[in-house]
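One-letter residues, chain by chain:
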Amino acid sequence: MSDSLKTGKREFRNINVTDLLRYRFPLAAIQSILHRGSGAIIFLLLPFILFLLDKSLLSEISFEHFKGIASHWFVKLIILGLVWAYLHHFCAGIRHLLMDVHVGVDKVTGKKSALIVFAVSLPLTALVALKLFGAF
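Residues numbered from 1 in each chain as written. Predicted model: local features only at pLDDT ≥ 70, side-chain atom pairs only at ≥ 80, totals over all residues. Heavy atoms only, no water.

## Observations concerning the side chain of Ser 121
No. 1: Considering the arrangement of structural elements, one finds Ser 121 in helix α5 (residues 107-132).
No. 2: Residue contacts for Ser 121: discarding those within four places in its chain leaves Leu 87, His 88 and Cys 91. (Helix = DSSP H or I, 4+ residues; strand = E, 2+ residues; numbered from the N terminus. Contact = heavy atoms within 4.5 Å.)

## Focus on the layout of surface pockets
No. 1: Reported here for the largest pocket is a volume of approximately 540 Å³.
No. 2: Forming the boundary of the largest pocket are 16 residues, of which Ile 49, Leu 52, Ala 70, Val 75 and Ile 79 lie nearest the centre.
No. 3: Within the residue set of the lining of the largest pocket, elements represented by two or more residues are α2 (27-56), α3 (60-70) and α4 (73-100).
No. 4: Among the elements that line the lining of the largest pocket, the one with the most residues is α2, at six residues.
No. 5: For the lining of the largest pocket, the residue count by class is 14 nonpolar, one polar and one charged.
No. 6: Taken as a whole, the second largest pocket encloses approximately 170 Å³ of empty space.
No. 7: If you trace the second largest pocket, you find it lined by Pro 26, Leu 27, Ala 28, Ala 29, Lys 107, Val 108, Gly 110 and Lys 111.
No. 8: Elements that contribute at least two residues to the lining of the second largest pocket include exactly α2 and α5.
No. 9: The class makeup of the residues in the lining of the second largest pocket is five nonpolar, one polar and two charged. (1 Å grid on protein atoms, 1.4 Å probe; cavity = no way out; pocket = protein on both sides within 12 Å on 5 of 7 lines; lining within 4 Å. Points joined across faces, edges and corners; volume = space filled by probe spheres on them. Nonpolar A, V, L, I, M, F, W, Y, C, P; charged D, E, K, R; others polar.)

## Considering the packing of α2 against α5
No. 1: Look at α2 against α5: their axes get within 8 Å of each other, and the N-to-C directions meet at 50 degrees. Relative to α5, the element α2 is oriented oblique. Both α2 and α5 take part in a crossing whose hand is left-handed. Between α2 and α5, the contacting residues are Leu 27, Ala 28, Ile 30, Gln 31 and Leu 34 on the first element and Gly 110, Lys 111, Ala 114, Leu 115, Val 117 and Phe 118 on the second.
No. 2: Residue composition of the contact of α2 with α5, grouped by class: eight nonpolar, two polar and one charged. (Axes fitted to C-alpha atoms, helices over the stretch in contact; angles between N-to-C directions. Parallel < 35°, antiparallel > 145°, perpendicular 65-115°, else oblique. Left-handed = near helix turned anticlockwise from the far one by under 90°.)

## Focus on the packing of aromatic side chains
No. 1: Summed over all chains, the structure comprises three aromatic pairs.
No. 2: Seen in terms of ring centroids, Tyr 23 and Phe 25 are 5.0 Å apart; in terms of plane orientation they differ by 75 degrees. Their pairing is edge-to-face.
No. 3: On the accessibility criterion, Phe 25 (31% relative accessible area) is partly exposed.
No. 4: Each ring, one from Trp 73 and one from Phe 74, has its centre 5.9 Å from the other, and the planes form 80 degrees; the classification is edge-to-face. (Phe/Tyr/Trp six-rings, centres within 6.5 Å; stacked < 30°, edge-to-face > 60°. Buried < 20%, exposed > 50% of the residue type's maximum accessible area, 1.4 Å probe, protein only.)

## What to know about the environment of Ile 94
No. 1: Of note, Ile 94 is situated in helix α4.
No. 2: Sequence separation between Ile 94 and Arg 36 is 58 residues, and the spatial gap between their C-alpha atoms is 14 Å.

## Describing the environment of Ser 71
No. 1: Mapped onto the secondary structure, Ser 71 falls in the loop between α3 and α4.
No. 2: As a C-alpha pair, Ser 71 and Leu 132 span 61 residues in sequence and 9.1 Å in three-dimensional space.
No. 3: Within polar-contact distance, the side chain of Ser 71 engages the backbone oxygen of Gly 68 at 2.7 Å. (Polar contact = N/O pair within 3.5 Å; in protein donor to acceptor, adjacent residues only side chain to side chain.)

So, to be careful, I would describe these as geometric facts and stop short of saying anything about function.
The following block contains the structure:
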């Protein structure tokens, strides 16, 4: 008989890669993973974005050219994804800074702060989406 059954304690095992699809992550873990992913997206695409900004500022003709490219619906979706990455990373970064000074490190407060990150970043992204797609 295993030692965990004798003592009544739960046995914790490592999660295999095959178990990741069945494992239910807590909200704080999902938020933390998205924080890392959004940071990676911003880091990898920042040189490309700055290059496009530099080229668009060369002349009025180049600005109009990039303005025409940015008016396509698929490019707007990419821009919206970048806006979400920035807003989520910003809000989650504030959460992580608060956790660094030991504010909200317990389980209940961590779940609430992760929910607040989503409650702030997603509506802000929706507002940008409405503006980007011409609702106002």
